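A closer look at the structure
Listed here are the chains, written in short residue letters.
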Amino acid sequence: MTDSKPSAQLADAITTAVLSTRGVAFLRPGLTDLLIASSGSGWGRPAGDTNRAGGGVRVVRQKDSEAWTVEVTIVLRRGHRALDVTRAVRAAVAETVRPARGPSVPVHVTVTVSGVV
């Protein structure tokens, strides 16, 4: 594999998989995304920004390896167990990344629950 940056399509596919997981209310935006949104302009976002999913999904390919790290920050819907939802999100992310990058590619997924609504 020669690309070291995740594609925008992969980040978008991961976002779709996470949002379609039962119990996920929404992705938690990062501080940068909130500041850009509040300013009303797209200035400040790097050209070629590959993570259009916002602060809720971060995708990184490890240097000198085929491994991928995906960090997801979500807000749960009330009435759903965090353990069940995070396991389902982890599985959905792995199933999204592996076909896109290869079945033997190691994928490390971290899911953080930042709130409940």
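Note that the structure is predicted; figures quoted are calculated from it, not measured. (Residues numbered from 1 in each chain as written. Predicted model: local features only at pLDDT ≥ 70, side-chain atom pairs only at ≥ 80, totals over all residues. Heavy atoms only, no water.)

Considering the arrangement of structural elements, one finds T15 in helix 1 (residues 8-19). In terms of polar contacts, T15 uses its side chain to reach the backbone carbonyl oxygen of A11, at 2.9 Å. (Helix = DSSP H or I, 4+ residues; strand = E, 2+ residues; numbered from the N terminus. Polar contact = N/O pair within 3.5 Å; in protein donor to acceptor, adjacent residues only side chain to side chain.)

With that settled, the discussion passes to the confidence of the model for the protein chain. Summing up the model confidence of the protein chain, the mean pLDDT is 79 and the portion of residues at 70 or higher is 74%. Looking across the protein chain, the model is least confident in helix 2 (residues 31-39), with a mean pLDDT of 58, and most confident in strand 1 (residues 24-27), with 94. Note that residues 42-53 has pLDDT below 50 and, in this model, 19 contacts with residues that lie over four places away or in other chains. (pLDDT = per-residue confidence, 0-100. Contact = heavy atoms within 4.5 Å.)

Another aspect to go through is the pairing of strand 3 (residues 68-76). Most of strand 3 is tucked away: eight of the nine residues are buried. As judged from the three bridges shared by strand 1 and strand 3, these two strands associate in the antiparallel manner. Directly across from L27, in strand 3, lies its bridge partner I74. Inspection of the sheet shows strand 2 (residues 57-61) paired to strand 3 by five bridges, in the antiparallel sense. Each residue of the ladder has a partner; that of R58, found in strand 3, is E71. Connecting strand 2 to the antiparallel partner strand 3 that follows it, the hairpin turn spans six residues, and D64 within it adopts a positive phi of roughly 60°. Note: strand 3 against strand 4 (residues 107-116), nine bridges, orientation parallel. (Buried < 20%, exposed > 50% of the residue type's maximum accessible area, 1.4 Å probe, protein only. Pairing = 2+ DSSP bridges.)

Turning our eyes to something else, we now look at the side chain of T73. Assignment of secondary structure puts T73 in strand 3. Under the relative-accessibility criterion, T73 is labelled buried at 19%. Residue contacts for T73: discarding those within four places in its chain leaves L27, R28, G56, T112 and S114.

Another aspect to go through is the pattern of salt bridges. A full pass over the atoms with the stated rule returns two salt bridges. One salt bridge in this structure joins R58 and E71, with 3.3 Å as the shortest N-O distance. Taken together, the positions of R58 in strand 2 and E71 in strand 3 put the pair 13 residues apart, joining distant regions of the chain. Residue R58 is classed as partly exposed on the basis of its relative accessible area of 44%. Among the salt bridges present, the one from D84 reaches R81, with a minimum N-O distance of 2.9 Å. (Salt bridge = Lys/Arg side-chain N within 4 Å of Asp/Glu carboxyl O.)

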